[in-house]
Amino acid sequence: MLRTTASRVLDDNDRDEVLALLDTDPVGNVFVASRVRSVGLNPARLGGQMWGFGPRGGLTSVCYAGANLVPVNAGTDAVYAFADRARKQGRRCSSIVGPADAVEVLWERLEPHWGAARAIRWAQPVMVIAEPSPVPPDPLVRRVRPDEFDILLPACVAMFTEEVGVSPEAGDGGALYRSRVAELIRIGRSYARIEGGKVVFKAEIGAVTPHACQIQGVWVHPDLRGRGHAVAGMAAVIKHALDYFAPVVSLYVNDYNAPARAAYRRAGFVEVGTFMSVLF
């Protein structure tokens, strides 16, 4: 068989093969796998393209190219092929994120053409738990109701701005971000402790497959930090996630965020890998 040296755009005919590849690492690939399981590979539904490396029946790597650029199972040859396609297409993503070794090489190839990044998170530990937390869950953490959208939204905006460095309300006025927050509430994947109309703790389950789910958007009100809300809140979200969504719960966190990493470890998470993110 001739070796494939260029990437190709995949479609729904490749769906089963793509999912089989993604399921070889259900934790690391949970975001991309969740998208594919939900909407398939048609670019109009996927919100971007899925690039493949290797012939049909011999697919070895893929790369989700949407709002994020996410390489999957990508060795050097695949990364070079994805970087070549991304360079020719021009930057359309707001970030590159994925396994640190692949993202680092991808960025080395793209930086001369795309220019400097706004920020780079060189090491983001990937953490998992597959059993209830060893600490008691906060009984006041629950699913957010649709009528509480206006209470939750400011906390979501504050979390995003603190984490990413820009407001999600920039550009389109926050329309897409508001829609995503509302959708996670609607489908029962937004959790919070709300007291007196104020969010004390919040987190969302942003991606779900039959094999794993991923927690995102963890935030504690600045005035209430250091009181154990993150640990007990995460224990509650872990319980809900294991009960209703998947047998393994994951997240990733910036390596320099020592308080968050300590809280996640206390909640029972262990580190299993490292992501890297390039933010534009």
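In the nomenclature of an unreviewed UniProt entry, the protein chain corresponds to GNAT family N-acetyltransferase from the organism Streptosporangium vulgare.

**Describing the overall build of the protein chain**
Helix and strand counts for the protein chain come out as nine helices and 12 strands. Expected size for 280 residues packed as a compact globule is a radius of gyration near 19 Å; at 19 Å, the protein chain falls within 12% of this value. Over its C-alpha atoms, taken along the principal directions, the protein chain stretches across nearly 65 × 35 × 35 Å. Looking at the protein chain as a whole, 49% of its 280 residues are labelled buried. Within the protein chain, contacts between residues separated by at least 24 positions form 69% of all contacts whose residues are at least 6 apart in sequence. Taking the 31 positively charged and 29 negatively charged side chains of the protein chain as two groups, their mean positions are separated by 2 Å.

**A word on the layout of surface pockets**
Within this model, the second largest pocket holds a volume of roughly 160 Å³. Grouping the constituent residues of the lining of the second largest pocket by class yields seven nonpolar, seven polar and one charged.

Analysis parameters
- Residues numbered from 1 in each chain as written.
- Predicted model: local features only at pLDDT ≥ 70, side-chain atom pairs only at ≥ 80, totals over all residues.
- Heavy atoms only, no water.
- Helix = DSSP H or I, 4+ residues; strand = E, 2+ residues; numbered from the N terminus.
- Rg over C-alpha atoms; globule rule 2.2 N^0.38 Å.
- Buried < 20%, exposed > 50% of the residue type's maximum accessible area, 1.4 Å probe, protein only.
- Contact = heavy atoms within 4.5 Å.
- Lys, Arg positive; Asp, Glu negative; His and termini not counted.
- Charge placed at Lys NZ, Arg CZ, Asp CG, Glu CD.
- 1 Å grid on protein atoms, 1.4 Å probe; cavity = no way out; pocket = protein on both sides within 12 Å on 5 of 7 lines; lining within 4 Å.
- Points joined across faces, edges and corners; volume = space filled by probe spheres on them.
- Nonpolar A, V, L, I, M, F, W, Y, C, P; charged D, E, K, R; others polar.

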